[in-house]
Amino acid sequence: MRLSEGLDAAVAALRAGRLVILPTETVYGLAADAGNADAVARIFEAKGRPRFNPLIAHVADAGAAEAIALFDDAARRLAAAFWPGPLTIVAPVRSGDRVCDLARAGLDSVAVRVPGHPVARAVLQAFGGPVVAPSANRSGRPSPTNFADAVEETGPSAAAVLDGGPSAVGVESTVVSVLDGRVALLRPGAVTRDQIEALIGPLATGEHGHRSPGRLTTHYAPDAPVRIDALDALRPGEILLGFGPGSGDPRWSLSPTGDPREAAANLFRLLREADREHPAGIAVAPVPMTGLGEAINDRLRRAAGFVG
Ligand code: TXA
Ligand code: MG
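Residues numbered from 1 in each chain as written. Chains lettered and ligands numbered in written order. Predicted model: local features only at pLDDT ≥ 70, side-chain atom pairs only at ≥ 80, totals over all residues. Heavy atoms only, no water.

1. Looking at the overall build of the protein
Note the following rule: Each helix is a run of DSSP H or I of at least 4 residues and each strand a run of E of at least 2, with the numbering of both proceeding from the N terminus. The size measure is the radius of gyration over C-alpha atoms, and the globule rule it meets is 2.2 Å times the number of residues to the 0.38 power. Here a residue-residue contact requires only that any non-hydrogen atoms of the pair lie within 4.5 Å. The Shrake-Rupley method, run with a 1.4 Å probe sphere, supplies the accessible areas, and residue values consider only the shown protein chains as cover. Asp and Glu are treated as the negative residues and Lys and Arg as the positive ones, with His and the ends of the chain left uncounted. Note that the charge is assigned to NZ on lysines, CZ on arginines, CG on aspartates and CD on glutamates.
Across its full length, the protein carries 9 helices and 13 strands. Over its C-alpha atoms the protein spans a radius of gyration of 19 Å, differing by no more than 12% from the 19 Å that the globule rule assigns to 308 residues. Along the longest, intermediate and shortest principal axes, the C-alpha atoms of the protein span 60 × 45 × 30 Å. Contacts in the protein between residues far apart in sequence, at least 24 positions, make up 69% of those at least 6 positions apart. For the protein, the accessible area works out to roughly 12500 Å², and carbon and sulfur atoms hold 53% of it. The protein carries 31 positive and 34 negative side-chain charges, and their two centres are separated by 3 Å.

2. Considering the side chain of Thr24
Heads up, the condition is: Residue burial is assigned from relative accessible area. The probe radius is 1.4 Å, only protein chains are included, and a residue is buried under 20% of its type maximum, exposed over 50%, and partly exposed in between. Polar contact criterion, stated in full: a pair of N or O atoms within 3.5 Å, where within protein one must be able to donate a hydrogen and the other to accept it, and residues adjacent in sequence count only if both atoms are side-chain atoms.
Positionally, Thr24 belongs in the loop between strand E1 (20–22) and strand E2 (29–33). On the basis of relative accessible area, Thr24 is assigned to the buried category, the value being 4%. Polar contacts involving the side chain of Thr24 include one to the side chain of Thr26, which spans 2.8 Å. Engagement of the side chain of Thr24 in a polar contact is seen with the side chain of Arg113, the distance being 3.0 Å. Excluding its chain neighbours within four sequence positions, the residues that come into contact with Thr24 are Arg113, His117 and Ser167.

3. Considerations on helix H9 (residues 293–303)
For H9, the buried fraction is high: 10 of the 11 residues fall into the buried class. Packing partners of the buried residues in H9 comprise strand E9 (182–187), helix H7 (193–200), strand E10 (226–227), helix H8 (260–276) and strand E13 (281–284). Two residues or fewer past H9, Gly305 is found with a positive phi of approximately 105 degrees.

4. Points about the domain arrangement of the protein
Worth spelling out the cut-off: Annotation comment: domain bounds sourced from an automatic or database domain assignment. Buried area is calculated as the accessible area (1.4 Å probe) missing from two parts once they are joined, with the contributions of both summed. Definition used for salt bridges: Asp or Glu carboxyl oxygen within 4 Å of a side-chain nitrogen of Lys or Arg.
When the domains of the protein are assigned, the result is domain 1 (3–211) and domain 2 (226–303). Domain 1 and domain 2 are separated by 26 Å when their C-alpha centres are compared. In this complex, domain 1 contributes 23 residues to the contact, which on the side of domain 2 involves 13 residues. For the pair domain 1 and domain 2, the summed buried surface comes to about 1400 Å²; carbon and sulfur atoms form 50% of the total. Among the residues of domain 1 in contact with domain 2, Pro142, Val171 and Pro188 are the three that bury the most area, contributing 33% of the side total. At the boundary of domain 1 with domain 2, the tally comes to 6 salt bridges.

5. Let's talk about the site of ligand 1
Basically, it comes down to this: Near is defined per residue: the residue qualifies when any heavy atom it owns lies within 4 Å of the molecule or strand. Here a cavity denotes a set of grid points, spaced 1 Å apart and computed over the protein atoms alone, in which a 1.4 Å probe fits but from which it cannot get out, and a pocket denotes an open set meeting protein on both sides within 12 Å along at least five of seven lines; residues with an atom within 4 Å of a point are reported as lining. Occupancy of a cavity or pocket is assigned to a molecule whenever over half of its atoms lie within 2 Å of that pocket's grid points. Just so you know the grouping, Ala, Val, Leu, Ile, Met, Phe, Trp, Tyr, Cys and Pro go in nonpolar, Asp, Glu, Lys and Arg go in charged, and all remaining residues, Gly too, go in polar.
Close to ligand 1 lie 26 residues, the nearest being Thr26, Asn53, His58, Ser173 and Gly214. In this structure, Asn53 approaches ligand 1 through a side-chain N or O atom, which is 2.6 Å from an oxygen atom. A distance of 3.0 Å separates an oxygen atom of ligand 1 from a polar atom in the side chain of Arg187. Contact with the protein chains removes 97% of the 680 Å² of surface that ligand 1 exposes when unbound. Comparing atom positions with the cavity grids shows ligand 1 to sit within the largest pocket. Of all the secondary-structure elements, those providing two or more residues to the shell around ligand 1 are strand E3 (56–58), strand E5 (109–113) and E9. Per-element tally for the shell around ligand 1: the top contributor is E5, with 3 residues. Among the residues making up the shell around ligand 1, the classes are represented as 11 nonpolar, 10 polar and 5 charged.

6. Focus on the packing of aromatic side chains
Test applied: For Phe, Tyr and Trp, where Trp contributes only its six-membered ring, two rings pair if their centres lie within 6.5 Å, and the inter-plane angle classes them as stacked under 30 degrees, edge-to-face over 60, or tilted in between.
With the rule as written, the count across this model stands at 2 aromatic pairs. Plain terms: the ring middles of Tyr28 and Phe147 are 6.5 Å apart, the flat faces sit at 55 degrees to each other, and that makes the pair tilted. One end of the pair, Tyr28, is in the loop between E1 and E2; the other, Phe147, is in helix H6 (residues 147–154), and 119 residues separate them in sequence. Judged by relative accessible area, Phe147 falls into the partly exposed class, the value being 23%. Consider the rings of Phe71 and Trp83, whose centres lie 6.0 Å apart with planes at 45 degrees: the pair is tilted.

7. Re the sheet that holds E10
Defined as follows: In this scheme, strands are said to pair when DSSP sees at least two bridges between them. Axis definition: a line fitted to C-alpha atoms, limited for helices to the stretch in contact. Angles are taken between N-to-C directions and run from 0 to 180 degrees.
Spatially, 4 strands are ordered E10-E13-E11-E12 in an open sheet, and the strand pairing comes out parallel. Looking along the sheet, the strands with just one partner apiece sit at the ends: E10 and strand E12 (253–255). Pairing of strand E11 (residues 238–243) with E12, which is carried by 2 bridges, proceeds in the parallel orientation. Counted as the bridge partner of Phe243 is Ser255 from E12. Sheet strands in contact with H8 are E11, E12 and E13, and its direction is about 160 degrees off that of E12.

8. So, the pattern of salt bridges
Evaluated as defined, the whole model comprises 18 salt bridges. The partner of Glu238 in a salt bridge is Arg227, and the shortest N-O contact between them spans 2.8 Å. Here Arg227 lies in strand E10 and Glu238 lies in strand E11, a separation of 11 residues in the sequence. For the pair Glu238 and Arg227, one class covers both residues: buried. Sharing partners across several salt bridges, the network here consists of Arg138, Arg141, Asp149, Glu152, Glu153, Arg272 and Arg276.

Below is the structure:
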């Protein structure tokens, strides 16, 4: 199928209240018309997602985001610096918005993002309204970072599927909340803490931070138990995901050169591939906290069962 035909089919499916497998630069999403509560309910069913966990509204540009959410100066600067790209901004919802209550899990805030992937952008421009798209995995499982994995996870629930190649970033977008004059990091991602603080100053911490409902559940977990920061000898039957030169079998390396960007792009694919071997466990070498390392370690901690 030519891409233009795929785009037409995807937009028609969205208009009809059906679901679409949508590539983005972070991970693949399962998309629906944000204003159609029946369509949004289908997403929660397809993923087995708890209804208290709100979705991200994807839009074509910052103007469309501000039609949904109330931005202060900090939110505008973040949008100008990092959109289109792997940043989601949680801000107060405007009244009479086009993102239905179910998609927001009843909250008075809304998460908005302008993705950078050309296929996602083309769909959003052609559709003309906000599109909610959680990662296309079933709830609690690693996010899909290529077309085949997305189709395996939630393909049967989708009326249209779009192949945008492997996801360049490989971990979900950075989520920041900009509420009550404070900016808090809710989920680390490819837009790093340092980049955000260089732009708008120190992020809120501790009791001044905000909570994200999606962070309260186990996440990103393969079937095999995951052991992180593995420095000691491998236990029987374990597969080691290495990091850097001389760290285990290169076939299972997150990044043979020790590059956090490469490790992020490979992370969820390697967790899935290791899982398919039915190992006794998956051990993961330490990954430094620099750059994308914060996001990688965050996902690995959750895959290993640490929550919160
Ligand atoms: O990279 C991404 O963001 C991908 C691609 C497909 O765009 N999408 C994604 O969506 O990761 P999802 O639903 O898997 O994760 C959305 C996260 C959840 O942790 C959710 O709790 C949080 O955003 N979130 C959404 N609305 C929120 C709100 N109003 N307040 C706090 N957190 C919110
Ligand atoms: Mg997700």
